[in-house]
Amino acid sequence: MLIWVCALHCEAKPVIDYYRLKKSHDARAFDVYHGDDMVCIISGIGKVASAAASAWIAASNPGATSIAWINLGVAGAAEHEIGDMFLLNKVVDADSGQRYYPAPVAASSLAGSACLTLGQPSDNYREDTLFDMEASGFMHAALRFSSAELTQSLKIVSDNRRQQTGKNRQRVSELVQQHIDSIDRQVRALFELKREIAALELAPEAWQQLLSMAHFTQTQKNRLRVLWRYLGNRNFSSESLLGQLAAQKSARSIIQTLEQISFRDSEDL
Amino acid sequence: MVSCVYVESAVRNHPRTEQLLERLHKLPRIEIEHYGEVFNPRSQNFRLQKKNPAIIIAHKNKGQVLAAPEGYGLGGDYNYYFSHMLNCIYDCRYCFLQGMYQSAHQVLFVNYEDFGDQIRQIAALHPGKPVWFYSGYDCDSLANEPMTRFTDYFIPLVAAIDNAWMELRTKSTQVRSMLKMEPVARIVTAFSFSDQFSHSKLENGVPSIAKRIEAMRRLIEAGWPVGLRFDPVVYHRQYQTAFVDLLDQVFAKIDAQKLHSVSLGSFRLTRDHFRKISRLYPEEPLFAQNMHLNNGIISYPLDREQEMIEFCEAQLMKRIPAQSYHPCEWHG
Ligand code: SF4
């Protein structure tokens, strides 16, 4: 699953439209939009709101095996042009000094930047960093659920020393909209990474079926999981394996049978 | 493909950092306070990172040179190890480095002088006795040589300390800088090999066996002591013929009489590393083989391990002088 976290609806709107996300009528704490393996949550302004929304949406999707995240929003910058987009590679919380390093996606052609997350709005522009009000809260929460490679923050400059457009909602949507193709490329790259991780997971139905065949102690379950993941990833079909195990009466003999299959298979490296 | 360069602010203006940054000028650069803040957090995926690791340029504050684990090395009385880098540009599936750190990024330490001071101090603790310094424990000593210029600093350093010996453990072919220097009898470059079948399945990114043999040959020809490490020997159905083929290939080009030392060891990992790595690569046949836990070490069941070592030893002994052979005692 890919989760978008945006402070404002106007930042999320181009994404909602592009991916045809539908508003959820069940969620009350936040505005949430759902699509195919994708959710977008509107957190409200500020790092606390962003952290709360991120934690809430992750906790609301406990079945998601691996979550990729994109925090999308606008930021201030001293000299960058209005509309420039950056992939954050360093996020510093101005109040606590805490630093986060979302891992750069190597396939990305987007420019990287540091970002300072402020507790209050400010027009004290700094040369070497973007500034926003959410990224550190988002990072703090999202990194508890996913790895730094799957946790990204995209910021588009809405305000600089010469011009401020961040309060114009229509304009903010336009700024995001003009990057929608690059944003989509970033999404694809993240999905690619996420797929690689998800492919290694156990298929839940077959796993449950296997567990129901005998009483396994926790140690046996651990061993079973290793064997089952191995064979699943080596393209043994679960139906055929479950068929071969049907005659086994005990947890031990099930494990032994799977071990024999694994040993045979692995002898060719 | 390297994704970016992290640089500790404190070493930003270090001459070695500047050299490195010049080479890496096309990569995004991110300033950090301490390498640990990128290298150590738990929320990283080693497997994803290994595809596009970053380079971290850093300062090693303490513990630059440490006592080697019991049984490590070639049997000397005083054994130490040091790593001017953490992690490796290659990706051998059996490598314990995969389970060692949270991160797959490559850390390059630039304060060689502090490593040098410790090497001198340690050597001075054992006057008149040979003291071995092993490089390539947490990395491949030479793999990043064009960037790190490790040999330019450490070879003259060790050469100047009468009782210091150094082993550079490598799977790379980066010997160009050594070929430009005068050979030093107390500095051994040890090349590790696994058979061709294991190489093709398990040693991602590692130069071919033929190229490594050629690098060895050139070092020997230039007068450098060279060691051979058949480690790890990995079990597979054809391991015996594959091992014999490997020996044939090596000794067709290398004069066994000129080797400093030869060692041999079968695949083994500490239990913790094994667990961590097999979780990272659950589809890897190497970890699905029949293994056995003994004293915190996971390796092949004793009878299989014995059979493998005995076979390989016997083959090896047909080709090398007995005095150059050192079985691997170190398990871990
Ligand atoms: S070359 Fe050595 S250090 Fe590098 S991955 Fe392979 S075994 Fe590990």
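Draft legend 1. How the structure looks around the interface of chain A and chain B. At the junction of the two partners, chain A supplies 29 residues and chain B supplies 37 residues. When chain A packs against chain B, close to 2,900 Å² is buried across both sides, 60% of that on carbon and sulfur atoms. Where chain A touches chain B, the interface holds 6 salt bridges. Applying the counting rule to chain A against chain B returns 13 residue pairs in polar contact (both at pLDDT 80 or more).

Draft legend 2. Layout of the domain arrangement of chain A. Segmenting chain A into domains produces domain 1 (2–197) and domain 2 (201–266). Distance between the C-alpha centres of domain 1 of chain A and domain 2 of chain A: 41 Å.

Draft legend 3. A look at the site of the ligand. Every residue lining the ligand is accounted for by C88(B), Y90(B), C92(B), Y94(B), C95(B), L97(B), C139(B), D140(B) and K171(B). Tallied by class, residues from the shell around the ligand come to 7 nonpolar, no polar and 2 charged.

Draft legend 4. Geometry of the nonpolar core. Counting 105 residues, the largest nonpolar core has F133(B), F154(B), F230(B) and F267(B) as the members making the most contacts within it. Within the second largest apolar cluster, 60 residues are counted, among which are V15(A), I180(A), V187(A) and I197(A).

Draft legend 5. The environment of V48(A), seen in detail. Residue and element names in this part refer to chain A. By the secondary structure assignment, V48 is in helix α2 (residues 47–59). Of the residues examined, V48 reaches a relative accessible area of 64% and is grouped as exposed. Spatially, the C-alpha atoms of V48 and D181 are 30 Å apart, while their sequence positions differ by 133 residues.

Draft legend 6. Fine view of the sheet that holds strand β3 (residues 55–58) of chain B. All names here are of chain B. What the 5 strands build is an open sheet, ordered β2-β1-β3-β8-β6; its pairing is mixed. The open sheet has two edge strands, β2 (29–32) and β6 (85–86), and neither has a second partner. Here β3 pairs with strand β8 (residues 106–109) via 4 bridges, running parallel. Bridged to I55 within β8 is Q106.

Draft legend 7. Summary view of the confidence of the model for chain B. With 99% of its residues at a pLDDT of 70 or more, chain B has an overall mean of 95. For this predicted complex, the interface confidence comes out at an ipTM of 0.93, alongside a pTM of 0.95.

Draft legend 8. Local environment of the packing of helix α1 (residues 9–18) of chain A against helix α5 (residues 180–198) of chain A. Residues and elements named next belong to chain A. Axis separation between α1 and α5 bottoms out at 11 Å; the angle between their running directions is 70°. If you check the angle between α1 and α5, you find them roughly perpendicular. Taken as a pair, α1 and α5 cross one another with a handedness that is right-handed. Contact residues: α1 offers P14, V15 and Y18, while α5 offers I180, D181 and D184. Here the contact of α1 with α5 is composed, by residue class, of 4 nonpolar, no polar and 2 charged.

Draft legend 9. Highlighting the sheet that holds strand β17 (residues 297–299) of chain B. Residues and elements named next belong to chain B. On the basis of which strands lie adjacent, the open sheet formed by 3 strands has the order β15-β17-β16 and antiparallel pairing. Of all the strands in the sheet, the pair left with one neighbour each is β15 (268–270) and β16 (292–294). Taken over all neighbouring pairs, the strand axes of this sheet differ in orientation by 30° on average, direction set aside. Examined bridge by bridge, β15 and β17 share 3 bridges and lie antiparallel to one another. Bridged to R268 within β17 is S299.

Draft legend 10. View of helix α10 (residues 239–253) of chain B. All names here are of chain B. In a regular helix each residue adds 1.5 Å, so 15 residues correspond to 21 Å; α10 covers 22 Å between its end C-alpha atoms and thus fits that length. Among the residues making up α10, those that are buried are Y239, A242, F243, L246, L247, V250 and F251. Seen end-on, α10 carries its buried residues on one side only, within an arc spanning 155°.

Draft legend 11. Quick look at the pattern of salt bridges. Overall, the coordinates contain 33 salt bridges over all chains when judged by the stated rule. For the salt bridge of D95(A) with K47(A), the shortest nitrogen-to-oxygen distance reads 2.7 Å. Note that D95(A) is positioned in the loop between β6 (85–93) and β7 (99–100) and K47(A) in helix α2, a separation of 48 residues in sequence. A residue is classified by how much of its surface remains accessible, and D95(A), at 55% relative accessible area, is exposed. Residue K47(A) is classed as buried on the basis of its relative accessible area, which comes to 17%. Where R217(B) meets E214(B), a salt bridge forms, and the shortest distance between an N and an O atom there is 2.9 Å. Residue R217(B) and its partner E214(B) are both found in helix α9 (residues 209–221); the two are separated by 3 residues, about one turn of the helix. Take E214(B): its relative accessible area is 30%, and that puts it in the partly exposed class. One network of salt bridges, with partners in common, ties together E79(A), E81(A), E127(A), R161(A) and R162(A).

Draft legend 12. Spatial organisation of empty space enclosed by the protein. All names here are of chain B. Enumeration according to the criterion identifies 2 cavities of 30 Å³ or more in this entry. Approximately 40 Å³ is the volume found for the largest cavity. As for the largest cavity, its lining consists of F193, S194, D195, S198, F230, P232, V233, V234, F243 and L246. Elements with a contribution of two residues or more to the lining of the largest cavity: β13 (226–233) and α10. Counting residues per element, the lining of the largest cavity draws most heavily on β13, at 3 residues. A class-by-class count of the residues in the lining of the largest cavity yields 7 nonpolar, 2 polar and 1 charged. Looking at the second largest cavity, its volume works out to about 30 Å³. Looking at the second largest cavity, the residues that line it are M85, N87, C88, I89, Q106, D140, A143 and N144.

Cut-offs and rules
Residues numbered from 1 in each chain as written. Chains lettered and ligands numbered in written order. Predicted model: local features only at pLDDT ≥ 70, side-chain atom pairs only at ≥ 80, totals over all residues. Heavy atoms only, no water. Contact = heavy atoms within 4.5 Å. Buried area = accessible area lost by both parts, 1.4 Å probe. Salt bridge = Lys/Arg side-chain N within 4 Å of Asp/Glu carboxyl O. Polar contact = N/O pair within 3.5 Å; in protein donor to acceptor, adjacent residues only side chain to side chain. Domains from an automatic or database assignment. Near = heavy atom within 4 Å. Nonpolar A, V, L, I, M, F, W, Y, C, P; charged D, E, K, R; others polar. Core = buried A, V, L, I, M, F, W, Y, C linked by side-chain atoms within 4.5 Å. Buried < 20%, exposed > 50% of the residue type's maximum accessible area, 1.4 Å probe, protein only. Helix = DSSP H or I, 4+ residues; strand = E, 2+ residues; numbered from the N terminus. Pairing = 2+ DSSP bridges. pLDDT = per-residue confidence, 0-100. Axes fitted to C-alpha atoms, helices over the stretch in contact; angles between N-to-C directions. Parallel < 35°, antiparallel > 145°, perpendicular 65-115°, else oblique. Left-handed = near helix turned anticlockwise from the far one by under 90°. Expected span 1.5 Å × (residues − 1). Arc of directions from axis to C-beta. 1 Å grid on protein atoms, 1.4 Å probe; cavity = no way out; pocket = protein on both sides within 12 Å on 5 of 7 lines; lining within 4 Å. Points joined across faces, edges and corners; volume = space filled by probe spheres on them.

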